[in-house]
Amino acid sequence: MAAAAPNKQAKILGYLPNDFPPIGQTILFGFQHVLTMFPATVLCALIVGFHVSTVLTFSGVSTIVALLLSRFGIGKFIPLYYGSSFSYLAALVAITNASFGQVAPDEKIRIAQAGIIATGCINVIVGLIVRAVGGKRAIDKILPPIITGSVACIIGFGLAYSALGMASGTSSGLPGDLKWWLVSVVTLLVTIGFSVYLQGKGFIGMLPILLGAIVGYAVAFIVDLATGVVGAATGSLINYSAFSGAKFLVTPHITFPSFSSDLTFTAIFGIGIMAIATIPESTAHLYQISLYVDHLADELDKPRYGLSKYIGYNLILDGIGDIIHGTFGATAGTNYGENNSLMVITRNYSGWALLAAGFIAVLMGFWGWLAAAISSVPTAVSGGLAIYLFGVIGMQGIALMLSEKVNLFDPKQLAIGAVIMIVGIGGNIGYSGGFLPIPLFKSIFPNGWPAIATAAVAGILLNLIFLIFKPPKTRDSAEADDLKRIEGIGPRVAAALQNAGIYSFGQLADADATKLKGILQAANLKMVDPTSWPDQARMAAVGDWSALQELQDKLDAGRAV
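If you're wondering where the values come from, they're calculated on a predicted model, not measured in any experiment. (Residues numbered from 1 in each chain as written. Predicted model: local features only at pLDDT ≥ 70, side-chain atom pairs only at ≥ 80, totals over all residues. Heavy atoms only, no water.)

*Asks:* How would you explain the pattern of salt bridges if you had to name every residue and give the values?
*Replies:* Inspection of every chain in the model, using the stated rule, returns five salt bridges. A salt bridge links Asp19 to Lys302; the nearest nitrogen and oxygen atoms lie 4.0 Å apart. Here Lys302 lies in the loop between helix H11 (275–299) and helix H12 (311–328) and Asp19 lies in the segment before helix H1 (23–48), a separation of 283 residues in the sequence. The buried category is assigned to Asp19, whose relative accessible area is 15%. Here Arg304 ties to Asp298 by a salt bridge, and the two come within 2.7 Å at their closest N and O atoms. (Salt bridge = Lys/Arg side-chain N within 4 Å of Asp/Glu carboxyl O. Helix = DSSP H or I, 4+ residues; strand = E, 2+ residues; numbered from the N terminus. Buried < 20%, exposed > 50% of the residue type's maximum accessible area, 1.4 Å probe, protein only.)

Structure follows, in structure tokens:
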């Protein structure tokens, strides 16, 4: 990997986004990316009843399109892989009514596709607005962490009943089968074990879901063997019929969206609004990868890429990806944090490697034997995985609120979170299909109002009310980041920033130098230079203390030397 460092004395290894590794390495790097995205992307397709081959193919297509548009649009690759998003599971299942591993009827997939196109359009519109008005602060104004975090919670916890149904067998019409519970619990425990004990162990540590599924599949086969049902059409855990007549090559099943169904508007509302969960996620991924790319550029003594400046453009690329997926019959998606982690571990941010991954994913969509193997995965295995994955989605919503220092002593924040949680979780679990029995606009919502989407909109409307009719300020959250860890910030400056409402590294990272200078001037601290603080704060916000220390070694009282 020395191509990134022409100086023979330099020993820094790594590839920046526009670097082109040797072709053999590029292909291998591409396979690593595909292996990393594969478990989540395929599992989403199986849960919502979409065709796996189609989902794989168009995850590759959307990745290729986004990479090429970024390369020719801004002159540099934005190195992200686009796969299926768990944020849309509940909304999609409400439309497809899918059972795990069973492909939904084309007419239901086509209705869902209308909603996926809607979420793509929302991403594009938000991206254009962000480009016009500026940065992450514009997003946080309308979608503060109390909304995005609470929506993530209800997406995960609202799927709890579905996870237990797959684990117990009740989702397949059984009264509760001990064999299913055995396989599910083993799958759950080994997946947790891989997640906990393989972390930090390199590339293999990034594949706990895939490894857990393989172990669960093996256990299911042993149970089938012990009970004498291997190859049987009924009574087995593994779907052996998936292999009968399987072809080596297949053509991905293409469907086109339907805009004429009675449920079309329900899909557009219920699925489209879920963009509010993926917009902050996508933005965070871009900030993360931008930080590490610039750090590598500094090490290689090359110009920084500054990818974090392209938040709006990245959201537009997200939207284009969903429009592609919605047009041809793939699930709604987002860029993958798992692939970001892979790039950080390998220090390979090459856009060419991601292009290779996209082409490999497209080719995999034509591999019939792979589709058959995936279709044979026992529902019990997926139940064990789902208990863990759906729970993690919910917990990530809590983690988001904690990391953003959401003040849960503030009645305004409590009100927004409470309404979202109860309407979303209660409605999704308590009512058939997750539709609230609200007898309004029956012609638009014939089955009722989608609970999770309704909860999200309710939270947004409450927040808008509080923005227009500002409530009295409550006492600040008891927890705040130690802003004095930023070079150039002492006790007086930290107090001035807190008085201005900046308590966390994330808030400081989002503040531009002009705003910070205004705060300092108001506090009679005119001689302090805040120019480097946002860059320092971005590193602190993601816990990259080594990179922060390296940057601070180049500063004197916060100023570049």
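*Asks:* Explain the environment of Gly433 to me, and be specific about the residues and the numbers.
*Replies:* The topology assignment puts Gly433 in the loop between helix H17 (411–430) and strand E3 (435–436). For the pair Gly433 and Val381, spaced 52 residues apart in sequence, the C-alpha separation works out to 23 Å.

*Asks:* Residues and numbers for the side chain of Asn407, please.
*Replies:* With respect to the helices and strands, Asn407 occurs in the loop between helix H16 (379–403) and H17. You can call Asn407 buried: its relative accessible area is 8%. A polar contact of 3.0 Å, which involves the side chain of Asn407, links it to the backbone nitrogen of Phe409. (Polar contact = N/O pair within 3.5 Å; in protein donor to acceptor, adjacent residues only side chain to side chain.)

*Asks:* Explain helix H6 (residues 145–157) to me, using residue names and the numbers behind them.
*Replies:* In a regular helix each residue adds 1.5 Å, so 13 residues correspond to 18 Å; H6 covers 18 Å between its end C-alpha atoms and thus fits that length. For H6, a buried count of 12 out of 13 residues is recorded, marking the element as mostly surrounded by other parts of the structure. (Expected span 1.5 Å × (residues − 1).)

*Asks:* Go over the confidence of the model for the protein chain with me, naming the residues and quoting the values.
*Replies:* Caution applies to low-pLDDT parts of the model: their predicted coordinates are not meant to be read in detail. Residues with a pLDDT of 70 or more make up 93% of the protein chain, whose mean pLDDT is 84. Here residues 474–478 scores under 50 on pLDDT; set against residues more than four positions off or in separate chains, the count is nine contacts. (pLDDT = per-residue confidence, 0-100. Contact = heavy atoms within 4.5 Å.)

*Asks:* An account of the packing of helix H3 (residues 89–96) against helix H10 (residues 264–272) is requested, with residue identities and associated values reported.
*Replies:* Put simply, H3 and H10 touch, their axes get as near as 8 Å, and they point 165° apart. When the axis of H3 is compared with that of H10, the two are roughly antiparallel. Judged by the sense of rotation from one axis to the other, the crossing of H3 with H10 is right-handed. Only Thr266, Ala267, Gly270 and Ile271 of H10 make contact with H3, whose side of the interface consists of Ala91, Leu92 and Ile95. For the contact of H3 with H10, the residue count by class is five nonpolar, two polar and no charged. (Axes fitted to C-alpha atoms, helices over the stretch in contact; angles between N-to-C directions. Parallel < 35°, antiparallel > 145°, perpendicular 65-115°, else oblique. Left-handed = near helix turned anticlockwise from the far one by under 90°. Nonpolar A, V, L, I, M, F, W, Y, C, P; charged D, E, K, R; others polar.)

*Asks:* Account for the packing of aromatic side chains, naming residues and giving values.
*Replies:* Considering all chains together, one arrives at seven aromatic pairs under this definition. For the ring pair Tyr15 and Phe29, a centre distance of 6.2 Å and an interplane angle of 65° mean the geometry is edge-to-face. Within this pair, whereas Tyr15 is found in the segment before H1, its partner Phe29 is found in helix H1, the two being separated by 14 residues in sequence. You can call Tyr15 buried: its relative accessible area is 1%. Ring centres of Phe248 and Trp369 lie 5.0 Å apart, and the angle between their planes is 80°; on these two criteria the pair is classed as edge-to-face. Of this pair, Phe248 sits in the loop between helix H9 (208–226) and H10 while Trp369 sits in helix H15 (residues 368–375), and the two are 121 residues apart along the sequence. These aromatic residues form a ring-pair network of at least three members: Phe20, Phe77 and Trp352. Residue placement shows Arg71 over the ring face of Phe77; its charged tip is 5.8 Å from the ring centre. (Phe/Tyr/Trp six-rings, centres within 6.5 Å; stacked < 30°, edge-to-face > 60°. Lys NZ or Arg CZ within 6 Å of the ring centre and 35° of its normal.)

*Asks:* Any details on the environment of Ala495? Residues and values, ideally.
*Replies:* In this structure, Ala495 sits in helix H19 (residues 491–499). Taking the relative accessible area as the measure of exposure, Ala495 reaches 33% and is therefore partly exposed. C-alpha separation for the pair Ala495 and Thr63, spaced 432 residues apart in sequence, amounts to 45 Å.

*Asks:* An account of the packing of H17 against helix H18 (residues 451–468) is needed here, citing residue identities and associated values.
*Replies:* Geometry of a packed helix pair, given as the angle between the helix axes and the separation of the axes. Packing of H17 against H18 leaves a shortest axis separation of 8 Å and a crossing angle of 165°. One finds that H17 runs roughly antiparallel with respect to H18. Both H17 and H18 take part in a crossing whose hand is right-handed. Facing Lys412, Ala415, Ile416, Val419, Ile420, Val423, Gly424, Gly427 and Asn428 of H17, the residues of H18 in contact are Ala451, Ile452, Thr454, Ala455, Ala458, Gly459, Leu462, Asn463 and Phe466.

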